[in-house]
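# Structural description and commentary
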Amino acid sequence: MQNNIQLGIVMDPIESINIKKDSTFAMMLEAQRRGWQLFYMQQQDLFVENGIVSAQMKQIKVIENPMHWFDIIDEITQPLHQLDCTLMRKDPPFDMEYIYSTYLLELAEKLGSLIVNRPESIRSANEKLFTALFPQCSPETLVSRDMQRIKDFHDKYQHIVVKPLDGMGGAMIFQIRQGDTNRNVILEAITDNGQRTIMAQRFLPEYIEGDKRILLIDGEPFPYALARLPAAGEGRANLAAGASYKGVELTSRDKEICQQVAPTLKEMGLMFVGLDVIGDYLTEINVTSPTCIRELDTIYSANIAGLLMDAIEKKLALSPLV
């Protein structure tokens with residue numbers, strides 16, 4: 001185990017997180033347990049001068065205390081590539097500022113720093129549209145902004161789900177049932193009258209049994225998933241929409257989906273990924289800041305962040321620049 005690693009973390013304001021649920025906090029706790037130094041940044045702390053990306057960063061100590069969970073040890077400004085590894089853990093929305101941040105992180109990567117997940121791949125892998133690479137794993141899906149085409153898709157499958165390509169936490173997800181008199185209104189709103197591309201999928205009634213989050217670490221799935229169960233009367237199985245959850249063992253189909261997806265994830269440098277699976281179907285591939293570490297750790301007395309840090313250590317050990 002390497003104990004002299006300097007780890008950067010780009011994330012949302014640390015003072016605002018809920019440490020009982022925050023996967024990034026679990027990662028920081030595990031890195032600190034290994035003796036690594038932690039350097040916390042927000043997007044606005046990154047800058048490029050004369051081709052070198054630097055950041056105003058705070059060296060911190062994290063504490064498993066819901067009343068006081070971090071201390072600032074020092075504040076420095078230095079080139080980002082002087083850190084061994086940086087975790088990109090900023091939550092969506094995936095807007096232009098997010099994209100600009102990936103460009104800056106890519107500059108540090110080119111100078112030898114490991115960035116998790118790889119910035120270029122975060123840009124390339126839209127979390128919903130990325131599933132189109134794996135049609136054998138996914139439900140019947142249409143991506144379009146043509147309202148008539150979406151209506152034809154609805155007529156064919158009768159009960160569909162429509163969602164924006166840049167949403168999170170269940171926001172702006174609609175079910176359209178057979179004969180729904182609100183169909184036109186929903187499609188006008190979600191496509192901005194045909195100006196915004198959206199995803200439509202055949203409705204999966206299995207969602208009532210849980211929308212499973214499967215975590216993959218460098219292509220290897222954690223053997224249990226977090227099944228998110230929709231609240232009574234709720235059409236979405238998102239924790240942010242009030243869902244409850246339980247742990248479930250991966251099924252043979254879950255493992256098959258992971259095997260189909262893993263080689264592409266590894267090739268793209270997507271080291272920490274959350275697959276969303278309903279029934280036998282892959283619905284999303286989360287690459288920005290996947291969550292559910294804390295819940296799964298609690299249920300199974302696990303240390304998923306430890307698996308990620310092991311993978312990071314292996315990557316760093318193979319790098320000639322470390």
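My aim in this report is to walk through the structure given alongside it, one point at a time.

Scoring rules and cut-offs
- Residues numbered from 1 in each chain as written.
- Predicted model: local features only at pLDDT ≥ 70, side-chain atom pairs only at ≥ 80, totals over all residues.
- Heavy atoms only, no water.
- Helix = DSSP H or I, 4+ residues; strand = E, 2+ residues; numbered from the N terminus.
- Buried < 20%, exposed > 50% of the residue type's maximum accessible area, 1.4 Å probe, protein only.
- Patch = residues over 30% accessible without salt bridge, like charges linked within 9 Å, V, L, I, M, F, W, Y side chains within 5 Å.
- Areas by Shrake-Rupley, 256 points an atom, 1.4 Å probe, with all protein chains shown as cover.
- Salt bridge = Lys/Arg side-chain N within 4 Å of Asp/Glu carboxyl O.
- Core = buried A, V, L, I, M, F, W, Y, C linked by side-chain atoms within 4.5 Å.
- Contact = heavy atoms within 4.5 Å.
- Arc of directions from axis to C-beta.
- Polar contact = N/O pair within 3.5 Å; in protein donor to acceptor, adjacent residues only side chain to side chain.
- Phe/Tyr/Trp six-rings, centres within 6.5 Å; stacked < 30°, edge-to-face > 60°.
- Lys NZ or Arg CZ within 6 Å of the ring centre and 35° of its normal.
- Disulfide = S-S within 2.5 Å.
- Pairing = 2+ DSSP bridges.
- Axes fitted to C-alpha atoms, helices over the stretch in contact; angles between N-to-C directions.

Right, let's get into unusual backbone geometry. Phi is mostly negative for residues that are not glycine, and the peptide bonds are mostly trans. The omega angle of the peptide bond from P92 to P93 is 25°, so this bond is cis rather than trans. Structurally, P93 can be placed in the loop between β6 (85-88) and α2 (96-110). Geometrically, the link from V116 to N117 is a cis peptide bond, its omega value of 0° lying close to zero. Mapping N117 onto the fold places it in the loop between β7 (114-116) and α3 (119-124). Look at Q158: it is not a glycine, yet its phi comes out positive at around 70°. With respect to the secondary-structure elements, Q158 resides in the loop between α4 (147-157) and β9 (160-164). Overall, Q158 belongs to the partly exposed group, its relative accessible area being 38%. The phi dihedral of N193 is positive, around 55°, even though this residue is not glycine.

Moving on, we get to a nonpolar patch on the surface. A contiguous nonpolar surface patch, about 310 Å² in accessible area, is contributed by M96, Y100 and Y103. Here Y100 shows up in helix α2. Taking the relative accessible area as the measure of exposure, Y100 reaches 39% and is therefore partly exposed.

Attention now moves to the environment of D192. Looking at the secondary structure, you find D192 in the loop between α5 (183-190) and β11 (198-202). For D192 and I208, which are 16 residues apart along the polypeptide, the C-alpha to C-alpha distance reads 29 Å.

Let's shift gears to the nonpolar core. Core analysis: the biggest nonpolar cluster contains 39 residues, and I14, M28 and I312 have the highest contact counts within it. Elements with a minimum of two residues in this core: β1 (6-10), α1 (23-33), β2 (37-41), β4 (52-62), β6, β12 (211-217), α7 (293-300) and α8 (304-318). By residue number, the principal contributor to this core is α8, which donates seven residues. Leaving out residues up to four positions away in the same chain, I14 has contacts with M28, Y40, I60, W69 and F70. With 23 residues, the next largest nonpolar core counts I214, A225, V248 and L265 among its residues.

Turning to α4, a few remarks are in order. Buried residues of α4: I150, K151, F153 and H154, and no others. Take α4 and look down its axis: the buried residues cluster within an arc of 160°, on one side only. The first or second residue beyond α4 is Q158, which carries a positive phi of 70°.

Bringing the side chain of K163 into the picture now. By the secondary structure assignment, K163 is in strand β9. Given the relative accessible area of 6%, K163 is considered buried. Within the structure, K163 has its side chain in polar contact with the side chain of Q201 (distance 3.4 Å).

Moving on: the pattern of salt bridges. Taken as a whole and judged by the stated rule, the model has 19 salt bridges. Note that E106 and R123 form a salt bridge whose closest N and O atoms lie 2.8 Å from each other. One end of the pair, E106, is in helix α2; the other, R123, is in helix α3, and 17 residues separate them in sequence. What you see here is one network of salt bridges that share partners, running through E30, R33, R34, D310 and E313.

Attention now moves to the packing of aromatic side chains. Remark: the centre distance and the inter-plane angle together describe each pair of aromatic rings, the angle taken between the planes. Overall, the coordinates contain seven aromatic pairs when judged by the stated rule. Residues F203 and Y207 carry aromatic rings whose centres are separated by 5.6 Å and whose planes lie at 65° to one another, so their mutual orientation is edge-to-face. Three or more aromatic residues joined by ring pairs form one cluster here, namely F222, Y224 and Y300. Its end group placed over the ring of Y281, R202 keeps NZ or CZ at 5.4 Å from the ring centre.

Looking now at the state of the cysteines. Applying the stated criterion to the full structure yields zero disulfides. As a non-bridged cysteine, C258 has C137 as the owner of its nearest cysteine sulfur, 9.2 Å distant. For C258, a relative accessible area of 2% corresponds to the buried category.

Attention shifts here to the sheet that holds strand β8 (residues 141-144). Neighbouring strands of a sheet are bound in pairs by backbone hydrogen bonds; such pairs are parallel or else antiparallel. Taken in spatial order, the four strands line up as β8-β11-β9-β10 in an open sheet, and their pairing is antiparallel. Single-partner strands in this sheet number two, and they are β8 and β10 (174-176). Shown here is a sheet whose adjacent strand axes are inclined to one another by a mean of 25°, direction ignored. In this sheet, β11 lies alongside β9 in antiparallel orientation, the contact comprising five bridges. Of the residues in β11, the one forming a bridge with P164 is I198. Packed on one face of the sheet, α5 meets β9, β10 and β11 and runs near 145° to β10.

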